[in-house]
Amino acid sequence: MAHLVLYDGVCGLCDHFVQFLLRIDAQDRLRFAALQGPIGAKILQEAGRAATSLSTVIVVADYGTAAQRLLDRSDAALFAIASAGGAYRAAGALRIVPRFIRDAVYDLVARWRYRIFGRFDACPIPAPATRAKFLDFARAAREH
């Protein structure tokens, strides 16, 4: 069962987070799509969220199943890391910290992320070895 990580495709911090998840995802449970892409935009619209709301990572847990649910901010980040399995499952233990505290820290980092980690002019193209995990790119390849 796969989980879909929706991320700000032009954010340097988000790119680092995605690269980290790609390295640790030994269970091959994670897929990715930019919030600005067609898949991200459709999911945001269906969830009644503004397409301009790019200050959070969103995980669509159990993507494509009847049990599909959206997680955001610190819940999404911790879920994505824990989903990689192995020792990273321990990240789930951080959920004992009250969400309002975790999200306050998350929001502070989100507010400064472009200034600290930079911003791309466009979404970076994934490496060929991992491109199939990026649903927008996999979809575009099938259409051509």
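Since this is a predicted model, take the numbers as computed values, not measurements. All residue numbers here refer to positions counted from 1 along the written sequence of the relevant chain. Reporting of local features is limited, given that this is a predicted model, to residues whose pLDDT is at least 70; pairs of side-chain atoms are given and counted only at 80 or more, and all residues count toward the totals for whole chains, interfaces and linings. Neither water nor hydrogens contribute to the side-chain values; these are computed over all heavy atoms in the structure.

Undergrad: Report on the pairing of strand E3 (residues 58–61), specifying residues and quantitative values.
TA: When a residue's accessible area, from a 1.4 Å probe over protein chains only, is under 20% of the maximum for its type it is buried; when over 50% it is exposed; and in between it is partly exposed. Counting from the N terminus, the helices are DSSP H or I runs at least four residues long and the strands are E runs at least two residues long. Both faces of E3 are covered, namely the face carrying Ile58 and Val60 and the face carrying Val59 and Ala61. Inspection of the sheet shows strand E1 (residues 3–7) paired to E3 by 3 bridges, in the antiparallel sense. Of the residues in E3, the one forming a bridge with Val5 is Val59. Pairing of E3 with strand E4 (residues 69–72) involves 4 bridges; the strand directions are antiparallel. Note on E4: the bridge partner recorded for Ala61 is Arg69. Any two strands between which DSSP finds at least two bridges are classified as paired.

Undergrad: Report on the nonpolar core, specifying residues and quantitative values.
TA: We define a nonpolar core as any set of buried Ala, Val, Leu, Ile, Met, Phe, Trp, Tyr and Cys residues linked to one another through side-chain atoms lying within 4.5 Å. Counting 27 residues, the largest nonpolar core has Val5, Tyr7, Phe17, Leu21, Phe32, Val57 and Val59 as the members making the most contacts within it. Residue contacts are defined here by distance: any two heavy atoms, one from each residue, within 4.5 Å place the two residues in contact. Setting aside residues no more than four positions away along its own chain, Phe17 makes contact with Val57, Ala77, Ala80 and Ile81. Of all hydrophobic cores here, the second largest spans 10 residues; its members include Leu4, Ile43, Val60 and Leu135.

Undergrad: Give a detailed account of the sheet that holds E3, specifying residues and quantitative values.
TA: The strand order E2-E1-E3-E4 describes an open sheet built from 4 strands, whose pairing is mixed. Edge positions in the sheet fall to strand E2 (30–34) and E4, since each has one partner strand and no second. The mean angle between the axes of side-by-side strands here comes to 25 degrees, regardless of whether they run parallel or antiparallel. Axes here mean lines fitted to C-alpha atoms, for a helix over just the part in contact, with angles spanning 0 to 180 degrees between N-to-C directions. Sheet strands in contact with helix H1 (residues 12–24) are E1 and E2, and its direction is about 160 degrees off that of E2. In this fold helix H3 (residues 73–83) packs onto E1, E2, E3 and E4, with an angle of close to 105 degrees to the strand it touches most, E4.

Undergrad: Please set out the packing of H1 against H3 residue by residue, giving values where relevant.
TA: Between H1 and H3, the shortest axis-to-axis distance is 9 Å and the interhelical angle comes to 25 degrees. With respect to each other, H1 and H3 are oriented roughly parallel. Between H1 and H3, the contacting residues are Phe17, Phe20, Leu21 and Ile24 on the first element and Ala77, Ala80 and Ile81 on the second. Looking at the contact of H1 with H3 residue by residue, the class counts come to 7 nonpolar, no polar and no charged. Any angle between 65 and 115 degrees counts as roughly perpendicular, while under 35 counts as roughly parallel, over 145 as roughly antiparallel, and the rest as oblique. Ten residue types, Ala, Val, Leu, Ile, Met, Phe, Trp, Tyr, Cys and Pro, are classed as nonpolar, four, Asp, Glu, Lys and Arg, as charged, and the remainder, Gly among them, as polar.

Undergrad: Tell me about the confidence of the model for the protein chain, and please be specific about residues and values.
TA: Predictor confidence is given residue by residue as pLDDT, running from a minimum of 0 to a maximum of 100. In this model, the protein chain carries an average pLDDT of 87, and 92% of its residues clear a pLDDT of 70 or more. No element of the protein chain has a lower mean pLDDT than helix H5 (residues 135–143), which averages 64, and none a higher one than E1, which averages 96.

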